[in-house]
Amino acid sequence: MKSNTFPRELRLVTPSQFSRVFDHPVKAVSDHITILAKFNDLDNPRIGLTIAKKKEKTAVGRNRIKRIIRDSFRLNQHNLPNIDIVVIARNQIGEADNKHLHKQLNKLWKKIALRCEQSLKK
């Protein structure tokens, strides 16, 4: 049985890990979220989050968004290739309810996995 945990090994932590993804990424965009991804040399996908104070003013709101994104990633990590992912919040993300964000994220995980596989074939 596959584990649905979210250990430290599944996170982008250092600035160098983030900047590596920002250099020529594969993109997937929705109304409230942008996902950037790039293949890594590990055996698992990793995720990093950037939720700017400008996009969601309150700490409670930013934490809610991060919790939803982490939970969605945790549940979908086994469907993703070995990529480093940076999730960037866009305008009015705080106005979206949890159900809508989960729905968008599920579509984005599929889209980014497909685009990464296509970029590998090029």
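The structure displayed is predicted, hence computed values, not measured ones.

Procedures and definitions
- Residues numbered from 1 in each chain as written.
- Predicted model: local features only at pLDDT ≥ 70, side-chain atom pairs only at ≥ 80, totals over all residues.
- Heavy atoms only, no water.
- Helix = DSSP H or I, 4+ residues; strand = E, 2+ residues; numbered from the N terminus.
- Expected span 1.5 Å × (residues − 1).
- Buried < 20%, exposed > 50% of the residue type's maximum accessible area, 1.4 Å probe, protein only.
- Arc of directions from axis to C-beta.
- Contact = heavy atoms within 4.5 Å.
- Patch = residues over 30% accessible without salt bridge, like charges linked within 9 Å, V, L, I, M, F, W, Y side chains within 5 Å.
- Areas by Shrake-Rupley, 256 points an atom, 1.4 Å probe, with all protein chains shown as cover.
- Salt bridge = Lys/Arg side-chain N within 4 Å of Asp/Glu carboxyl O.
- Lys, Arg positive; Asp, Glu negative; His and termini not counted.
- Charge placed at Lys NZ, Arg CZ, Asp CG, Glu CD.
- Pairing = 2+ DSSP bridges.
- Axes fitted to C-alpha atoms, helices over the stretch in contact; angles between N-to-C directions.

A.B. asks: Help me understand helix 2 (residues 59-76), please; the structure alone is not making it clear to me.
C.D. replies: If you check helix 2, its first and last C-alpha atoms are 26 Å apart, about what 18 residues at 1.5 Å a residue would give, namely 26 Å. Those residues of helix 2 that sit buried are G61, R62, R64, I65, I68, I69, S72, F73 and N76. For helix 2, the arc enclosing every buried residue in end-on projection is 160 degrees, short of the 170-degree limit, so these residues lie on one face. Turned more than 90 degrees away from the buried face of helix 2, the exposed residues are V60 and R67. Its buried side turned inward, helix 2 meets strand 3 (46-50), strand 4 (83-89) and helix 3 (98-121).

A.B. asks: I'm lost on a positive patch on the surface in this one. Help?
C.D. replies: On the surface, K99, K103, K107, K111 and R115 cluster together into a patch of positive charge. For K103, the location among the structural elements is in helix 3. For K103, a relative accessible area of 55% gives the class exposed.

A.B. asks: Could you clarify how one ought to interpret the pattern of salt bridges in this entry?
C.D. replies: Side chains carrying opposite charge are able to pair once their charged atoms draw close together. Scanning the entire structure with this criterion turns up 4 salt bridges. Where R20 meets D84, a salt bridge forms, and the shortest distance between an N and an O atom there is 3.4 Å. On the criterion of sequence distance, the pair formed by R20 in helix 1 (residues 15-22) and D84 in strand 4 is long-range, its members being 64 residues apart. The partner of D84 in a salt bridge is R46, with the nearest N and O atoms 2.8 Å apart. One end of the pair, D84, is in strand 4; the other, R46, is in strand 3, and 38 residues separate them in sequence. With a relative accessible area of 0%, D84 lands in the buried category. Salt bridges sharing partners connect three or more residues here, namely R20, R46 and D84.

A.B. asks: I keep staring at the sheet that holds strand 4 and nothing clicks. Help me out?
C.D. replies: Backbone-to-backbone hydrogen bonds join strands into a sheet, with any given pair of strands oriented parallel or antiparallel. The mixed open sheet is built from 4 strands, whose spatial order is 1-2-4-3. Strand pairing shows two members of the sheet lacking a second neighbour, strand 1 (26-29) and strand 3, which therefore form its edges. Sheet twist, expressed as the mean angle between neighbouring strand axes with direction ignored, is 20 degrees. Packing of helix 2 onto the sheet brings it into contact with strand 3 and strand 4, and relative to strand 3 it is tilted by some 165 degrees.

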